[in-house]
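# What the coordinates show
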Amino acid sequence: METRNIIRLDVTESTNSAALEVGQLGAAAGTVVVAETQTGGRGRLNRSWLSLPGMGLYFTIILRPRLVPEQLPKVTLAAGLGVCKAVETEYDVLPKIKWPNDLLLGGSKFAGILSETGSMQNESTGQAPLVVVGVGINLFPPAGGFPAELEEFATTLSQHVYTGISAEILLEACVLSIEKELQHLVTGDFQTILKEWKQRDASKDKNLTWVTPKGEKVTGVSLGPDADGILRIRDQAGAIHTVISGDIKLVGNIPG
Ligand code: BTN
C-alpha cells in the first residue's frame, strides 16, 4: 500500500472504537485500523458483526471531511459505493446496495458499513469533524457455517467469486475507493455519487417495510434516495415517507 498509517491489530473489541480513540488523539485523516478479529464488532442499530479470525476483512478508516454535520449521512452512502466499486473491480461481480449501506450478492448480505462520528468539540474552531467509517466484509464462511440467525441472510464473497481472495489487496482497493468517493462529496459533487449509487440500488421499486425509530411499521414501495440521500417510501395509501434512520426490510428478504 502507498505511504499510509495502518494500525494492524490481531484482536480488538471494534476497529471503529480503536479508530475513534486514536482519532481523538489526533491521528491523521487516511489512517486505517485493521484487525484479524473483533470481540465486539458492531453494526447499525446496535447489532453485532460476526468477526471471526480468518473469516473476513474488518477495518476502519479515519476521515476528517470538511462537511457540516447534516451532510454526514452522505458519507455512509459514499463509502458504501466506494466499497461496492472496489469489489466490482477486484472480483468481477456486481453487488447491489441496500439503503443505506448493506452490500448484497445474490440477495444476501456480505458486507456492511458503519460510520460513526467523534465528539464535535472542535466544531466552534472550524476544525473538520472526526468521522470513522468501519467496513466489515465476509470473505469466507465461518467454520461450521453462519449461526442460525444469520444463515438465511448472510453470504460471503468466496461464495460468489472463483478466483483467490486477498484481504490485503481488497483492503487497499477499498480504502482508495472510499477516499475517491469522499473527494466527490467534499467538493460538493454528491450527485455523481448518488447517480452511481442508484445504479446499484437493491430496493428500488421493491416492496419493503420500515420500522421507524418509534417502532411503527410502514409498508410500501421504495422510491430510492432523494437528492440528499434520504430514502423515500410510498405507502399503500400513497403517502410519501422519508427515512432518516431505522430498519428497512425488503419484503421476503434480509433483515438489517
Ligand atoms: C452493518 O451492516 O450494520 C455495519 C457493519 C459494520 C461492521 C464493521 S467491521 C469493522 C468495523 N468495526 C466495527 O465494530 N464495525 C465495523
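Our subject in this report is the structure included herewith. (Residues numbered from 1 in each chain as written. Predicted model: local features only at pLDDT ≥ 70, side-chain atom pairs only at ≥ 80, totals over all residues. Heavy atoms only, no water.)

### Topic: the pairing of strand E7 (residues 131-138)
Counting buried positions over the eight residues of E7 gives eight, a clear majority of the element. Side chains Val 131, Val 133, Val 135 and Ile 137 project from E7 onto one buried face, and the interleaved Val 132, Gly 134, Gly 136 and Asn 138 project onto a second face that is buried too. Sheet topology places strand E6 (residues 108-117) next to E7; seven bridges connect them, and they run antiparallel. Bridge pairing in E7 places Leu 114 opposite Gly 134. (Buried < 20%, exposed > 50% of the residue type's maximum accessible area, 1.4 Å probe, protein only. Helix = DSSP H or I, 4+ residues; strand = E, 2+ residues; numbered from the N terminus. Pairing = 2+ DSSP bridges.)

### Notes on the side chain of Asp 226
Residue position: Asp 226 is located in the loop between strand E9 (217-225) and strand E10 (231-235). It is Arg 232 that comes nearest to the buried, bridge-free Asp 226 among opposite-charge side chains, at 5.3 Å. The contacts of Asp 226, once residues within four sequence positions are left out, are Leu 194 and Arg 232. (Lys, Arg positive; Asp, Glu negative; His and termini not counted. Salt bridge = Lys/Arg side-chain N within 4 Å of Asp/Glu carboxyl O. Contact = heavy atoms within 4.5 Å.)

### Some points on the site of the ligand
Around the ligand, the structure places 19 residues, and the nearest of them are Ser 14, Gln 38, Arg 42, Arg 44 and Lys 109. In this structure, an oxygen atom belonging to the ligand sits 2.7 Å away from a side-chain N or O atom of Ser 14. Between a nitrogen atom of the ligand and a main-chain N or O atom of Arg 42, the distance comes to 2.7 Å. Coverage of the ligand by the protein chains reaches 98% of its 410 Å² of free accessible surface. For the shell around the ligand, the secondary structure elements donating two or more residues are helix H1 (15-24), strand E3 (56-63), E6 and E7. Considering every element that reaches the shell around the ligand, the biggest residue donor is E6, with four residues. (Near = heavy atom within 4 Å. Polar contact = N/O pair within 3.5 Å; in protein donor to acceptor, adjacent residues only side chain to side chain. Areas by Shrake-Rupley, 256 points an atom, 1.4 Å probe, with all protein chains shown as cover.)

### Overview of the sheet that holds strand E5 (residues 102-105)
Read from one edge of the open sheet, seven strands run E1-E2-E3-E7-E6-E5-E4, paired in mixed fashion. Two strands close off the open sheet at either side, each with one partner strand: strand E1 (6-12) and strand E4 (96-98). Strand-to-strand twist of the sheet, defined as the mean angle between neighbouring strand axes without regard to direction, takes the value 20°. Bridging between strand E2 (residues 32-38) and E3 involves four bridges; their strand directions are antiparallel. Each residue of the ladder has a partner; that of Val 32, found in E3, is Ile 61. Here helix H2 (residues 72-91) sits on the sheet and contacts E3, E4, E5, E6 and E7; the angle it forms with E6, its principal contact strand, is near 140°. (Axes fitted to C-alpha atoms, helices over the stretch in contact; angles between N-to-C directions.)

### Remarks on the pairing of E10
Side chains Leu 231, Ile 233 and Asp 235 project from E10 onto a buried face, and the interleaved Arg 232 and Arg 234 project onto a face without burial. The pairing of E9 with E10 spans five bridges and is antiparallel. Residue pairing for E10: Val 221 is matched across the bridge by Arg 234. The turn joining E9 and E10, which pair antiparallel and follow one another in sequence, is formed by five residues; a positive phi near 85° is taken by Gly 229. Here E10 runs beside strand E11 (residues 240-243); their pairing, made up of four bridges, is antiparallel. Note on E11: the bridge partner recorded for Arg 232 is Thr 242. Count of turn residues in the E10/E11 antiparallel hairpin: four residues, of which Gly 238 carries a positive phi of about 95°.

### Brief notes about the packing of H2 against helix H4 (residues 167-186)
Think of two packed helices as two axes; the pair is described by the angle between the axes and how far apart they sit. Where H2 contacts H4, the axes come no closer than 8 Å and their chain directions differ by 140°. Regarding the angle of H2 to H4, the classification is oblique. Considering how the two elements wind past one another, H2 and H4 form a crossing that is right-handed. When H2 is examined against H4, the residues Lys 74, Val 75, Ala 78, Ala 79, Leu 81, Gly 82, Val 83, Lys 85, Ala 86, Val 87, Glu 90 and Tyr 91 are found in contact with a partner set consisting of Ile 169, Leu 170, Ala 173, Cys 174, Ser 177, Ile 178, Glu 181, Leu 182 and Leu 185. (Parallel < 35°, antiparallel > 145°, perpendicular 65-115°, else oblique. Left-handed = near helix turned anticlockwise from the far one by under 90°.)

### Section: the sheet that holds strand E12 (residues 247-250)
Taken in spatial order, the five strands of this open sheet run E11-E10-E9-E8-E12, and their pairing is antiparallel. At either margin of the open sheet sits one strand with a lone partner, and together these are E11 and E12. Direction aside, neighbouring strands of the sheet carry axes that sit 40° apart on average. Inspection of the sheet shows strand E8 (residues 207-211) paired to E9 by five bridges, in the antiparallel sense. In the strand pairing of E9, Trp 210 is matched with Val 218.

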